[in-house]
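# Fold and geometry: a report
Single-letter residue listing:
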Amino acid sequence: VQLQASGGGLVQAGGSLRLSCAASGRTFSSYTMGWFRQAPGKEREFVATVSRLGGVTFHADSVKGRFAISRDNAKNTTYLQMNSLKPEDTAVYYCAASSNSGIYRLSQADFRSWGQGTQLTVSS
């Protein structure tokens, strides 16, 4: 599956933004989808995952209660709604697809397809 992330930009602290990840192919619903991020000088880290049918989600503690991952299988698209943004959320955000059916404790190696990344900058 090929992935195309979009929606990044410059936002003030406390603001909101929604990222989108469009997938190609007819088997989108067979993939667990995830969002990861990489801040300058830091390693890429997990943000959230959503199950194949969208009914179950899992978020990193650092974004829990502020971010929400979702998906629309009819549109082959995964979303990341980000609210109450903080400067420390500044990073390049990547969407990724995994053929693993679970959504918990997945490593980055479980995700074989990655989007190109979209930059989010949160100003203080």
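Preceding this paragraph is the structure being described.
These lines cover the structure that appears in this document, whether it is placed above or below. (Residues numbered from 1 in each chain as written. Predicted model: local features only at pLDDT ≥ 70, side-chain atom pairs only at ≥ 80, totals over all residues. Heavy atoms only, no water.)

## Re the state of the cysteines
- The full count for this structure, using the stated rule, is one disulfide.
- Shown here is the disulfide that connects Cys21 with Cys95, its sulfur atoms set 2.1 Å apart. An S-S torsion of about 65° defines the bridge between Cys21 and Cys95 as right-handed. Here Cys21, found in strand S3 (residues 17-23), pairs with Cys95, found in strand S9 (residues 91-98); they are 74 residues apart in sequence, far enough to count as distant. (Disulfide = S-S within 2.5 Å. Helix = DSSP H or I, 4+ residues; strand = E, 2+ residues; numbered from the N terminus.)

## Overview of the side chain of Arg71
- Mapping Arg71 onto the fold places it in strand S7 (residues 67-72).
- One buried charged residue, Arg71, remains without a salt bridge, the closest side chain of opposite sign being Asp72 at 8.3 Å.
- Within polar-contact distance, the side chain of Arg71 engages the backbone oxygen of Phe28 at 2.9 Å.
- From its side chain, Arg71 meets the backbone oxygen of Arg52 in a polar contact 3.3 Å long. (Buried < 20%, exposed > 50% of the residue type's maximum accessible area, 1.4 Å probe, protein only. Lys, Arg positive; Asp, Glu negative; His and termini not counted. Salt bridge = Lys/Arg side-chain N within 4 Å of Asp/Glu carboxyl O. Polar contact = N/O pair within 3.5 Å; in protein donor to acceptor, adjacent residues only side chain to side chain.)

## Focus on the side chain of Ser113
- Within the fold, Ser113 resides in strand S10 (residues 111-114).
- Taking the relative accessible area as the measure of exposure, Ser113 reaches 15% and is therefore buried.
- Polar side-chain contacts of Ser113 include one of 3.2 Å to the backbone oxygen of Val1.

Distances and angles like these do not, on their own, reveal function.
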